Amino acid sequence: MKLQKKLVLLLFLTAFTLSKAQEIPVKYDLGENYSDRYKFSTVLSISPASNDGTVLVRTYFGGMPLRPKGHFIEVYDKDMNLVVDYNYKYAGYHMVDGFVRNGQLYLLELIYSESRQAYEYRVHQSPLDGFNFSERTILSVPSKEVLNPLAVNKYNRNFGNGFSTATFFDHDQQAFAITVHHRERGEQRYHIHLFGTDLKKHLTYDFSDQVADKNYAFENIEVSKDFQTVYFMGKAYFKKRRFNVKERRFQYELIKFTSGAHKIQEFNDAGRFPEALKPILVDGQLLTVGFYADRKDNRYNGLVHFKLDPRSLDVQSKKYNAFSDQFMVDKFGREVDAEIKNLIFKDVHITSNNDILFSAEEYFVTTGTDISDGHTQKVKNYHYNDIVCAKLNSKGDMVWARNINKTEVTRGDEAYASYSAYGKDDTMYFFINSGENPQKLGKNRIIFKQGYSRNPNMFVIRLDGQGEMVHQKLIDDKAVRLPIMVSRPLIDKDTDQLLFYAKRGSRKQLVKVSVN
C-alpha cells in the first residue's frame, strides 16, 4: 500500500512538473557546439541573411594589453549550421555597427584621416557569396583629432572635447541617422544626416543655431516609411541658465527634421519631469511613452503617454499614470514612497488594438577598484537591475505595471547581462540569465541574481494581457554549457523566434528560442 501511494505521488509530481514546464509556450533548439579560434571577442552585429540564414560579425582581440586585431564573420544556415566563415584582418579604428542588405555585408566605421584632417564615416562592403571587401566614404567632417570621438554615452554625455558623433539605427534597421557636433572656425556646428541601409543619403540638416543655448544628447529616433522625416528624442542641456544644486539642468525634447525645416516640442509641464521618453509611429499617429517624476531628483513616480500631431508636434492629449499599488509591492514588498530611478527605455510592442507594452531597465554605473599584480586601478561597474514592464491602452491609460526584481553587474562584455524582450499578441516574454534558482524575498516576491559567469541558466518570464507573471527555467547549464549572450539576439517576428549566441573561450553555439 505504501508503495502504491509513493507511485501515485510520484506520478502526480511528474504530471505537475510537466504542466508547469508547459505553462509558458516557449521551446528551444540547439545548434552544433563548434570550436573557435578566437578566445577573446565581442559581437559587433548579428543580422538576418537570405534563405533564413544568419550573419554574425565579431571583433576579436589579441596582444597584451588586449587590442582589436580584426573581424571574424560567420554565416549560418536556417538550421544553425555554420556554412562559411571569413577572417577580415582589419582591426579598424572605431567600428560602429554592421548590417546585411541584398546579399551584401556592410561594416560601418568612424576613422580619422590625417591627410584630410577630417573624421570620416567609412563603409566596408562585401558580398556574402564570396568575401571581397571594398571601402567607400559616406560622410566627411573637417576637424582636429580628439581623444574619443564616440564619447557620447547617451546617459552621460561629454560635450567638451571638440568633436562628438553618434549613430542611431531605427528599430527595423532600414535606416540610420548620424549626429555630428564639432567646431568650425571657432563656432559650434551640429548636423543631422539620415541614410538608408542601402547607403543612400535621404536627409542632411544644419541644426547649428540651436546648440548656441543647448547641448543635445539624443536617445531614440523614429523614421517615417518614406525616409523623408526623422524624429529625435533626447535631453536638451541648458548652457547659459543658472541652476541650484538640486535642479535638473535639462529637459526632454522631441525634434522633427525634414529636408528644409525642423520643429521642436518641449516636455516641460510644471511639476512634471519626463524621463526615458520614446517616440513611436503607429498607423499614422505619433505617440510618446516613458516615465515621469514629480520632483527634480529623478525619482520616477509613474508612466506618461503623449499623443502628438505628426506634422506640427502639437500635443493632442497627455496622460500621467502613477505607479500602481501592485507595482510598489512587486518592487519593495509594500506600498512606500521609495526611490525608483535610473530607468533606461529598452523595448516596445504594439498589440493588434494599439495597446502599448513597453519595458525599461534600471541601469547605472559605479566606480570601484581592482587590484592586480600589486597595482590598484579604478574600474567602472555596470549595473543592470530591475525590469519594469507596463501596459497602456490605446488612449494612454495604464492597464498595469509590473516590476521584475533582478540584479547584475559586469565589468566586461555587457552582451551576457541585461535581458531581451519579445512581444506576441498581448503577452510579453523576457529572457534573462540567472543563477540556479531565483531567491525568495517574501510576500510572493523573488529576485533573479547574476549567474551567467558560472551557471549559464536562461530563464523566461511571461507577463500576460492582465499583467499576471509566471517564470520558468528554459535552459540550464547541463543543456548548454556556454553562457548565452542574452541581450544580443536576432529577433524574427515573422516566425516568432529569437536566435542567441553562446560563447566562452574556444567554444561557440547558437540557441534558437521559439515562442508558440
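Engineer: Tell me what's going on with the overall build of the protein, and back it up with residues and numbers.
Structural biologist: Scanning the protein from N- to C-terminus turns up two helices and 35 strands. Long-range pairs, those at least 24 residues apart, make up 49% of the contacts in the protein between residues at least 6 apart in sequence. Working note: accessible area of the protein is about 25100 Å², and carbon and sulfur atoms make up 46% of it.

Engineer: I'd like a description of the packing of aromatic side chains, backed by residues and values.
Structural biologist: Here the structure, examined in full by the defined rule, presents 36 aromatic pairs. Consider the rings of F99 and Y106, whose centres lie 5.2 Å apart with planes at 20 degrees: the pair is stacked. Each member of the pair, F99 as well as Y106, is classed as buried. Seen in terms of ring centroids, Y292 and Y320 are 5.0 Å apart; in terms of plane orientation they differ by 80 degrees. Their pairing is edge-to-face. Within this pair, whereas Y292 is found in strand 20 (residues 285–293), its partner Y320 is found in strand 22 (residues 315–322), the two being separated by 28 residues in sequence.

Engineer: Lay out the pairing of strand 34 (residues 497–504) with the relevant residues and their values.
Structural biologist: When you tally the buried positions in strand 34, you get six out of eight residues, the bulk of the element. Bridging between strand 33 (residues 490–492) and strand 34 involves three bridges; their strand directions are antiparallel. Along strand 34, the bridge assignment pairs I491 with L498. Linking two consecutive strands that pair antiparallel, namely strand 33 and strand 34, is a turn of four residues; a positive phi of about 55 degrees is found at D496 within it. Across eight bridges, the pairing between strand 34 and strand 35 (residues 507–515) is antiparallel. If you follow R504 over to strand 35, its bridge partner there is R507. Counting the residues between successive antiparallel strands, the hairpin from strand 34 to strand 35 contains two residues, one of them, G505, with a positive phi of roughly 60 degrees.

Engineer: Lay out the sheet that holds strand 3 (residues 41–48) in plain terms, naming residues and giving numbers.
Structural biologist: Taking strand neighbours across the sheet as the criterion, the four strands line up as 3-4-5-6 in an open arrangement whose pairing is antiparallel. Every interior strand has two partners, whereas the edge strands, strand 3 and strand 6 (82–88), have only one. The average undirected angle you get between the axes of adjacent strands in this sheet is 20 degrees. Relative to strand 6, strand 5 (residues 67–76) runs antiparallel, the two sharing six bridges. The residue of strand 6 that forms the bridge with F72 is N87.

Engineer: Would you mind going over helix 2 (residues 325–332) in detail, with residue names and values included?
Structural biologist: Three or more residues of helix 2 are buried, namely F327, M328, D330 and K331. Looking down the long axis of helix 2, one finds its buried residues gathered within 155 degrees of arc, a one-sided arrangement. Looking at the buried positions of helix 2, the neighbouring elements they touch are strand 24 (356–372), strand 25 (375–392), strand 26 (398–410) and strand 30 (445–449).

Engineer: Go over the side chain of K256 with me, naming the residues and quoting the values.
Structural biologist: In this fold, K256 is placed in strand 17 (residues 250–257). For the buried K256, no salt bridge is present, and the opposite-charge side chain at shortest range is D309, 6.6 Å distant. Within the local environment of K256, its side chain forms a polar contact with the backbone oxygen of R311, the two atoms lying 3.0 Å apart. In this view, K256 contacts T229, V230, Y231, A261, H262, K263, P310, R311 and L313; residues no more than four positions away in its chain are not counted.

Engineer: Residues and numbers for the environment of M233, please.
Structural biologist: Here M233 is to be found in strand 16 (residues 230–238). Between the C-alpha atoms of M233 and I255, which are 22 residues apart in sequence, the distance is 6.5 Å. Contacts of M233, omitting those with residues within four sequence positions, involve F218, E219, N220, Y252, E253, L254, F267, L277, P279 and T288.

Engineer: Tell me about the environment of Y60, and name the residues and values.
Structural biologist: Relative to the assigned elements, Y60 resides in strand 4 (residues 54–62). The exposure class assigned to Y60 is buried, which follows from its relative accessible area of 7%. Measuring from C-alpha to C-alpha, the distance between Y60 and Y38 comes to 6.4 Å, with 22 residues separating the pair along the chain. With near-sequence residues (within four places) excluded, Y60 lies in contact with Y38, F40, S41, R67, P68, K69, G70, H71, F72, N87 and K89.

Each value, and the rule that gives it
Residues numbered from 1 in each chain as written. Predicted model: local features only at pLDDT ≥ 70, side-chain atom pairs only at ≥ 80, totals over all residues. Heavy atoms only, no water. Helix = DSSP H or I, 4+ residues; strand = E, 2+ residues; numbered from the N terminus. Contact = heavy atoms within 4.5 Å. Areas by Shrake-Rupley, 256 points an atom, 1.4 Å probe, with all protein chains shown as cover. Phe/Tyr/Trp six-rings, centres within 6.5 Å; stacked < 30°, edge-to-face > 60°. Buried < 20%, exposed > 50% of the residue type's maximum accessible area, 1.4 Å probe, protein only. Pairing = 2+ DSSP bridges. Axes fitted to C-alpha atoms, helices over the stretch in contact; angles between N-to-C directions. Arc of directions from axis to C-beta. Lys, Arg positive; Asp, Glu negative; His and termini not counted. Salt bridge = Lys/Arg side-chain N within 4 Å of Asp/Glu carboxyl O. Polar contact = N/O pair within 3.5 Å; in protein donor to acceptor, adjacent residues only side chain to side chain.

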